[in-house]
Amino acid sequence: MAATTEGNMYDLIIIGSGPAGLSAAVYGSRAGLDLLVLEEKPMSGGQVLNTYEVDNYLGMPGINGFDMGMKFKEHADALGVTFQTAEVTAIEDQGQSKRVETADGAVYEARTLILAAGAEHAKLQVPGEEEYKGKGVSYCATCDGAFFRKRDVAVVGGGDVAVEDAIYLARMCRKVYLVHRRDSLRAAKSLQKRLMACDNVQILWNRTLACVCGSELVEKIRLRSVADQLEEELAVEGVFIAVGMHPNTKAFRANIPCDERGYVLAGEDCVTRVPGVFAAGDIRTKQVRQIITAVADGACAVASAEQYLNRQEE
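Let us look at the structure shown here.

### Some words on the overall build of the protein chain
The number of helices and strands found in the protein chain is six helices and 17 strands. Relative to a compact globule of 314 residues, whose C-alpha radius of gyration would be 20 Å, the protein chain shows 21 Å and is just as compact. Taken along the three principal axes of its C-alpha coordinates, the protein chain extends 65 × 40 × 35 Å. Buried positions account for 51% of the 314 residues belonging to the protein chain. Pairs at least 24 residues apart make up 58% of the contacts formed inside the protein chain by residues separated by at least 6 positions. Surface summary for the protein chain: the accessible area is close to 15,200 Å², and the carbon and sulfur share equals 48%. Separation of charge centres in the protein chain, based on 34 positive and 43 negative side chains, amounts to 7 Å.

In structure tokens, the structure reads:
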């Protein structure tokens, strides 16, 4: 069991080391805050590390996702930011201080917290999905759609995000197949109307994704009929899986108000409903979840934390 660190009071503890957490670390360090970053995995960067190519981050078109994550980490390292690998299991608001408990038994204390643990795309767990992630399988149409211009792609899902993705991809792709396991969509009627107006979109009803196939890159998918379990092949070069996201808030939900999907309730200032606790990046309620908005959240969260700390000293 790791030794407790109680008694060592940080100004700020950042939970998570994706783009939001690393941005907060940079801004917090430059603000002169005594801070610590707790990261669940031994390598910083978050989901961006698994992105083959990032083409929509300002000033860095086409950068490899792993390289981008390393650049973010190097920036924080250059400022002397302290990182600790630890799985956070619980947090507790103790008024003037916040207590953080980890799986190895360590306890950390800080005057403020920034929750930046991110969210994960829900996966279908079908053969080939993991193998071709970043090689034709994507979970973000706005991130990766441009790579499939004038190509045939499939979108899997039937909710708002799936339909929005299909509409977005229809603007640039030759053909878009929307694969849905039911005979009706769950998306808003307004979105469905826009989808039906896209001439190059075909909805494949009552089918599920059975397998993703290819050689080095995706070349086709196998679909399974819900009615009779028969399978068919469909030639596509891209598969966009849009079946939801899961915010990494399990350790926080007991003490931090979240919405019905588990996202931390916080606005553009990243202020949560618990004084001294802030939420940045994909973990919070927001309209757009992109690398650039996560980085912006990191800066905003630190600014709000500074304001909170200044008020405590008045």
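### Notes on the side chain of Gln-192
When you line up the elements, Gln-192 lands in helix 5 (residues 189-196). Among the polar contacts made by the side chain of Gln-192, one reaches the main-chain carbonyl oxygen of Ala-187 at a distance of 2.8 Å. Once residues within four sequence positions are removed from consideration, Gln-192 is found in contact with Val-163, Leu-185 and Ala-187.

### Brief notes about the pairing of strand 1 (residues 9-15)
Along strand 1, six of the seven residues are buried, which leaves the element largely enclosed by surrounding structure. Relative to strand 6 (residues 107-115), strand 1 runs parallel, the two sharing six bridges. Along strand 6, the bridge assignment pairs Ile-13 with Leu-113. Pairing between strand 1 and strand 2 (residues 35-39): four bridges, direction parallel. Pairing of Ile-15 across the sheet is with Leu-38, part of strand 2.

### Remarks on the nonpolar core
One finds Ile-14, Val-37, Met-68, Ala-76, Val-81 and Ile-114 to be the most contacted residues of the largest nonpolar core, which totals 31 residues. For this core, the secondary structure elements donating two or more residues are strand 1, helix 1 (19-30), strand 2, helix 2 (65-78) and helix 6 (291-313). For this core, the leading source of residues is helix 6, giving seven residues. For Met-68, the contacting residues outside a window of four places in its chain are Val-48, Val-54, Tyr-57, Met-60, Ile-63 and Ile-291.

### Remarks on the packing of aromatic side chains
All chains considered together, the criterion is met by three aromatic pairs. Taking 6.4 Å as the distance between ring centres and 75° as the angle between the ring planes, the aromatic pair formed by Phe-278 and Tyr-308 counts as edge-to-face. Of the two residues, Phe-278 is situated in strand 17 (residues 277-279) and Tyr-308 in helix 6; the sequence distance between them amounts to 30 residues. Classification of Phe-278 by relative accessible area gives buried; the value is 3%. Above the face of the Phe-83 ring, Lys-73 is positioned so that its terminal group lies 4.4 Å from the ring centre. For the cation-ring pair, Arg-289 lies above Tyr-263, with the distance from its terminal atom to the ring centre recorded as 3.9 Å.

### Quick word on the sheet that holds strand 8 (residues 137-138)
The sheet built from five strands is open, its strands ordered 8-15-9-10-11 with parallel pairing. Edge positions in the sheet fall to strand 8 and strand 11 (201-204), since each has one partner strand and no second. Here strand 9 (residues 152-156) runs beside strand 10 (residues 175-179); their pairing, made up of five bridges, is parallel. Counterpart to Val-156 in the pairing with strand 10 is Val-179.

### Quick word on the pattern of salt bridges
Counted according to the given criterion, the structure contains 15 salt bridges. In this structure, Lys-133 engages Glu-130 in a salt bridge whose closest nitrogen and oxygen atoms are separated by 3.1 Å. Connected through shared salt-bridge partners, Glu-268, Arg-284, Lys-286 and Asp-297 make up one network.

### Quick word on the sheet that holds strand 12 (residues 207-214)
Spatial strand order, 12-13-14: three strands in an open sheet with antiparallel pairing. Of all strands in the sheet, those with a lone pairing partner are strand 12 and strand 14 (231-235), marking the two edges. Strand after strand, the sheet turns through a mean of 30° between neighbouring axes, direction not considered. Strand direction decides the pairing type here: strand 12 and strand 13 (residues 218-225), joined by seven bridges, are antiparallel. Bridge assignment links Gly-214 to a residue of strand 13, and that residue is Val-218.

### Details of the pairing of strand 4 (residues 88-93)
Note: strand 4 against strand 5 (residues 98-102), five bridges, orientation antiparallel. Considered in strand 5, the bridge of Ala-90 is made with Glu-101. Hairpin connection, strand 4 to strand 5: the antiparallel pair is bridged by four residues, and Gly-95 has positive phi, about 85°.

About the criteria used
Residues numbered from 1 in each chain as written. Predicted model: local features only at pLDDT ≥ 70, side-chain atom pairs only at ≥ 80, totals over all residues. Heavy atoms only, no water. Helix = DSSP H or I, 4+ residues; strand = E, 2+ residues; numbered from the N terminus. Rg over C-alpha atoms; globule rule 2.2 N^0.38 Å. Buried < 20%, exposed > 50% of the residue type's maximum accessible area, 1.4 Å probe, protein only. Contact = heavy atoms within 4.5 Å. Areas by Shrake-Rupley, 256 points an atom, 1.4 Å probe, with all protein chains shown as cover. Lys, Arg positive; Asp, Glu negative; His and termini not counted. Charge placed at Lys NZ, Arg CZ, Asp CG, Glu CD. Polar contact = N/O pair within 3.5 Å; in protein donor to acceptor, adjacent residues only side chain to side chain. Pairing = 2+ DSSP bridges. Core = buried A, V, L, I, M, F, W, Y, C linked by side-chain atoms within 4.5 Å. Phe/Tyr/Trp six-rings, centres within 6.5 Å; stacked < 30°, edge-to-face > 60°. Lys NZ or Arg CZ within 6 Å of the ring centre and 35° of its normal. Salt bridge = Lys/Arg side-chain N within 4 Å of Asp/Glu carboxyl O. Axes fitted to C-alpha atoms, helices over the stretch in contact; angles between N-to-C directions.

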